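An overview of the molecular structure
Spelled out, the chains give:
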Amino acid sequence: MPEYGRHVQKMIEYVTGLPDREKRNEQIQAVVSVMGTINPQLRDYGDFKHKLWDHVQIISDFKIDIDSPYPVPTKENLAAKPNPIPLEKTPVKASHYGRNIQNMLEVIASHEDGEVKTHMIKTIACYMKQQYLIWNKDSVTEETIFNDIYKLSDGKIRVPEDVHIGMGISSETPLYARGAASGRAGGNFRQQKNANNNKRRNKKQ
């Protein structure tokens, strides 16, 4: 273990070769103390002493015979591979929405019809609109989002007719959206003002 250096490795090799078990137990205590001084960052862990004794076994290639205050690890246990994490193998139906939205639609589809389900549909429709505009800077209609919900849910979700996701400027509109809308409104106002000024000049001429 390079973080301890060659000197610690030689000390552990020396202790491993001592014929007297009592002497080995005495000497390894001093070695563990040195290891803790060399790597003070291990003290951030609650079981840092346990880690030090495990590292003694690893550095000795599990050959040292001592009375460890903790269960002695085996090479097989440390070499054991973790259980594989199952990954989704089904393809994503719409990459610009991602798998999470696809999974959320499946959860919504499993709910009974009612006010709660309608609210969930409206919420995810608003979120899908935001995600759509990240990839496509052009505007998007409600019909497009509602059709995508129908397709991604395999026809299990039909958006109720009274659900609308049109974004207007209100207290609930995000600040960036308000600023963009205000900018467009200001631009239109300036264009109209310039056109009126031009008309007045033409009349005077």
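For the structure, check the block above.
Our subject in this report is the structure included herewith. Please read all numbers here as calculations on a predicted model, not as lab measurements. (Residues numbered from 1 in each chain as written. Predicted model: local features only at pLDDT ≥ 70, side-chain atom pairs only at ≥ 80, totals over all residues. Heavy atoms only, no water.)

The next subject is the overall build of the protein chain. For the protein chain, the count of helices and strands is 8 helices and 0 strands. When the helices and strands of the protein chain are read in sequence order from the N terminus, they spell out α-α-α-α-α-α-α-α. Across the 205 residues in the protein chain, those meeting the buried criterion constitute 27%. The contacts of the protein chain with a sequence gap of at least 6 include a subset with a gap of at least 24, amounting to 45%. (Helix = DSSP H or I, 4+ residues; strand = E, 2+ residues; numbered from the N terminus. Buried < 20%, exposed > 50% of the residue type's maximum accessible area, 1.4 Å probe, protein only. Contact = heavy atoms within 4.5 Å.)

What follows deals with the side chain of Gln-102. For Gln-102, the position within the fold is in helix α5 (residues 99–109). Among the polar contacts listed, one links the side chain of Gln-102 to the backbone nitrogen of Lys-93, at a separation of 3.0 Å. With sequence-adjacent residues up to four places away left out, Gln-102 is seen in contact with Pro-91, Val-92 and Lys-93. (Polar contact = N/O pair within 3.5 Å; in protein donor to acceptor, adjacent residues only side chain to side chain.)

Glancing now at the nonpolar core. Generally speaking, a soluble globular protein has its nonpolar side chains buried in company with each other. Membership of the largest hydrophobic core comes to 20 residues, with the highest contact counts inside it found for Tyr-97, Leu-105, Met-128, Ile-145, Phe-146, Ile-149 and Ile-157. Among the elements of the structure, α5, α6 (115–135) and α7 (142–152) are those that each provide at least two residues to this core. With sequence-adjacent residues up to four places away left out, Phe-146 is seen in contact with Ala-125, Val-159, Val-163 and Ile-165. Among the nonpolar cores identified, the runner-up in size contains 16 residues, and Val-8, Val-15, Leu-42 and Phe-48 belong to it. (Core = buried A, V, L, I, M, F, W, Y, C linked by side-chain atoms within 4.5 Å.)

To continue, consider the environment of Lys-122. Along the polypeptide, Lys-122 turns up in helix α6. Under the relative-accessibility criterion, Lys-122 is labelled partly exposed at 39%. Between the C-alpha atoms of Lys-122 and Val-163, which are 41 residues apart in sequence, the distance is 6.4 Å. Leave out the neighbours within four places in its chain, and Lys-122 touches Val-163, His-164 and Ile-165.

To continue, consider the environment of Leu-152. Inspection of the secondary structure puts Leu-152 in helix α7. Residues Leu-152 and Lys-93, 59 residues apart in the sequence, show an inter-C-alpha distance of 6.7 Å. Ignoring anything within four residues of it in the chain, the contact list for Leu-152 reads Lys-93, Ala-94, Tyr-97, Leu-105 and Met-128.

Attention now goes to the side chain of Asp-148. Within the secondary structure layout, Asp-148 lies in helix α7. Of the buried charged residues, Asp-148 lacks a salt bridge, with Lys-151 as the closest side chain of opposite charge at 5.0 Å. At 2.7 Å, the side chain of Asp-148 forms a polar contact with the side chain of Tyr-97. In this structure, Asp-148 is in contact with Tyr-97, Met-128 and Tyr-132, ignoring residues within four places of it in sequence. (Lys, Arg positive; Asp, Glu negative; His and termini not counted. Salt bridge = Lys/Arg side-chain N within 4 Å of Asp/Glu carboxyl O.)

Before going further, it helps to examine unusual backbone geometry. Located in the positive-phi region is Asp-61, a residue other than glycine, with phi close to 60 degrees. Tracing the backbone through its elements, the reader meets Asp-61 in the loop between α3 (48–59) and α4 (75–79). Phi at Asp-154 takes a positive value of approximately 55 degrees, unusual for a residue other than glycine. Within the secondary structure, Asp-154 is located in the loop between α7 and α8 (175–204).

Once that is clear, we can look at the pattern of salt bridges. For the structure on display, the rule yields 7 salt bridges. Note that Glu-26 and Lys-23 form a salt bridge whose closest N and O atoms lie 3.8 Å from each other. Note that Glu-26 and Lys-23 are positioned in helix α2 (residues 21–38) at a spacing of 3 residues, about one turn of the helix. Of the residues examined, Lys-23 reaches a relative accessible area of 38% and is grouped as partly exposed. The partner of Asp-61 in a salt bridge is Lys-75, and the shortest N-O contact between them spans 3.3 Å. In this pair, Asp-61 is assigned in the loop between α3 and α4 and Lys-75 in helix α4, connecting sequence segments 14 residues apart. On the basis of relative accessible area, Asp-61 is assigned to the partly exposed category, the value being 36%. In this structure Lys-75 comes out as partly exposed when scored by relative accessible area, which is 43%.

A surface patch of nonpolar side chains, amounting to about 200 Å² of accessible area, comprises Met-11, Val-34 and Ile-38. Note on placement: Ile-38 falls in helix α2. (Patch = residues over 30% accessible without salt bridge, like charges linked within 9 Å, V, L, I, M, F, W, Y side chains within 5 Å. Areas by Shrake-Rupley, 256 points an atom, 1.4 Å probe, with all protein chains shown as cover.)

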